[in-house]
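Letter by letter, the chains look like this.
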Amino acid sequence: MTTPNFHNAVVTGACGGLGQALARALIAGGARVALVGLQRPALDALASLAPDRCAVYQPDVSDAAAVQAMAADWMDRFGTPDLVIANAGVAGGFDTAQATDLAVMRRMLEINLLGVATTFQPFLDPMRHSGQRGALVGVASVAGWRGMPGNGAYCASKAGLIAYLQSLRAELRPTALRVHTISPGYLRTALTAGNRFAMPGLLEPDEAARRLLAGVAAGTEHIVLPRRIGWLSRTLSLLPARLHDRILLGQPRKPRAGEPGATDIPGLKK
C-alpha cells in the first residue's frame, strides 16, 4: 500500500497494532515519519525501514513538555507535518466500586483524551501558518458512542475525545486543516487480545490502516472501521435503553487491570 498524499507524518502509539500498520504504510509511501511510542525495539525496527526519513521518540503523550520537545525536534529536522495521527491509547475494564480502579480511569483519560490534545497542540500553529492542507487525526472508538457495562473508563475517554474533536473541527473550519475522527470497532491488536466476548467485524490492522489513510486523503471527517460495526452499533442504539442494557449485561466483561487477559496500562499508579 502506498500513500502519495502524505509527505510528513507524526504517528503516536506506533509500537504495535493500528499505529504500527499506519507507520509502515506511510513509510512505504515515501513519507517522513515521526515514530512515537514507548517500546524502543519496536520503534527502532520501524525506523530501520527508512532511517533517513524516520526518527524515534518516547514521550508519555500526556506529558505536554515532553511532547512539545519531541515536536520541536521533529520540525527542526524534518519540517512541519501535513499529517498528525494521535493513535496512542489504552483500554481495560473498570469497576466504580473498586477504589483502585479510580487510578485506572484517571490514566485512561490522561492518555486517551488529554493525550490527543497534547499531541496536536505543538503542531497546530505551525501547520496552520504553513498555508498548506493538513490533517489532524484522532483515533476514538465506537465505544465512545454509548457507555457499556464494565467499560466505563474507556467509553468515557473515547466519548470525551469525540466531543473534543468535534469542537476542534469547528474551530478549524476557516483554515486549510481538517480534523478526522476515527471510530474503530474491533481490531486484532494487543488491546483486544484479552477480550472474552464476541467481536463482530474483527479487522486486521493493515486493512484498517489502508481504509483510514484512504478516508483521510479523501477528506472524510468521520471514519468507522469497519463500517458494518457502526451499522450494528447504531441499530442497537434504536432499542429501548433497558433492552439495550440487558443485552450488554449478558456479555462477558473486559478484564480489569491485574486480571488474566488484561493489557498493561503504562504509567498507572495505584
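Remember, it's a predicted structure, so these values are computed and weren't measured experimentally. Numbering of residues starts from 1 in every chain and runs along the sequence as written. Where local features are concerned, this predicted model is filtered to residues with pLDDT of at least 70; where side-chain atom pairs are given and counted, the filter is 80 or more; whole-chain, interface and lining totals use all residues. Computation of side-chain values: all heavy atoms of the structure, hydrogens and water removed.

**Student:** Mind laying out the overall build of the chain, listing which residues take part and the relevant values?
**Tutor:** The way it works is that DSSP assigns letters per residue, a run of H or I at least four long becomes a helix, a run of E at least two long becomes a strand, and they are numbered from the N terminus. A count of helical and extended segments in the chain gives eight helices and seven strands. Expressed as a percentage of the 270 residues in the chain, the buried residues total 49%. In the chain, of all internal contacts separated by at least 6 residues, the share reaching a separation of at least 24 is 65%. Carbon and sulfur atoms make up 54% of the accessible area of the chain, which amounts to about 12,400 Å² in all. Exposed residues in this analysis have more than 50% of their type's maximum accessible area, buried residues have under 20%, and partly exposed residues fall in between, with area computed by a 1.4 Å probe over protein chains only. Should any heavy atoms of two residues lie within 4.5 Å, those residues are considered in contact. Computed by Shrake-Rupley with a 1.4 Å probe, the accessible areas treat only the displayed protein chains as cover when residues are assessed.

**Student:** Which residues make up the packing of aromatic side chains, and what values do they have?
**Tutor:** When two rings of Phe, Tyr or Trp (its six-membered ring) have centres within 6.5 Å they constitute a pair, described as stacked for plane angles under 30 degrees, edge-to-face for angles over 60, and tilted for the intermediate range. In total, this model carries one aromatic pair according to the counting rule given. An angle of 20° between the planes, with centres 4.2 Å apart, marks the rings of Trp 74 and Phe 78 as stacked. You can see Trp 74 and its partner Phe 78 sitting in helix H3 (residues 64-78), four residues apart, about one turn around the helix. Across this residue pair, the class does not change: Trp 74 and Phe 78 are buried.

**Student:** Can you break down the sheet that holds strand E4 (residues 83-86) residue by residue, with the values?
**Tutor:** Spatially, the seven strands line up as an open sheet ordered E3-E2-E1-E4-E5-E6-E7, and their pairing is parallel. One side of each edge strand has no neighbouring strand; the edge strands of this open sheet are strand E3 (54-57) and strand E7 (222-225). For this sheet the average axis-to-axis angle between neighbouring strands, irrespective of direction, equals 15°. Pairing between strands is defined by DSSP: at least two bridges between the two strands are required. One ladder, built from four bridges, connects strand E6 (residues 177-184) with E7; its direction is parallel. Following the sheet pairing, Thr 181 is matched in E7 by His 222. Together, strand E2 (32-36) and E3 form the strand contacts of helix H2 (residues 40-47), whose direction differs from that of E3 by roughly 175°. Every axis corresponds to a line fitted to the C-alpha atoms, with the helix fit spanning only the stretch in contact, and the corresponding angles, defined between N-to-C directions, vary from 0 to 180 degrees. Against the sheet, helix H6 (residues 205-217) touches E4, strand E5 (134-139), E6 and E7, its axis set at about 165° to E7.

**Student:** Break down the nonpolar core for me, citing the residues and quoting the values.
**Tutor:** Counting 37 residues, the largest nonpolar core has Leu 26, Leu 35, Leu 83, Ile 85, Leu 212 and Leu 213 as the members making the most contacts within it. A per-element tally of this core places helix H1 (residues 17-28) first, with seven residues. The set of buried Ala, Val, Leu, Ile, Met, Phe, Trp, Tyr and Cys residues whose side-chain atoms join them within 4.5 Å is what this entry labels a nonpolar core. With 27 residues, the next largest nonpolar core counts Met 70, Ala 71, Val 84 and Ala 140 among its residues.

**Student:** Tell me about the environment of Leu 268, and please be specific about residues and values.
**Tutor:** Residue placement: Leu 268 occurs in the segment after helix H8 (241-249). Residues Leu 268 and Arg 106, spaced 162 residues apart in sequence, show a C-alpha to C-alpha distance of 8.8 Å. Not counting residues up to four positions away in its chain, the partners in contact with Leu 268 are Ala 103, Val 104, Arg 107 and Ala 257.

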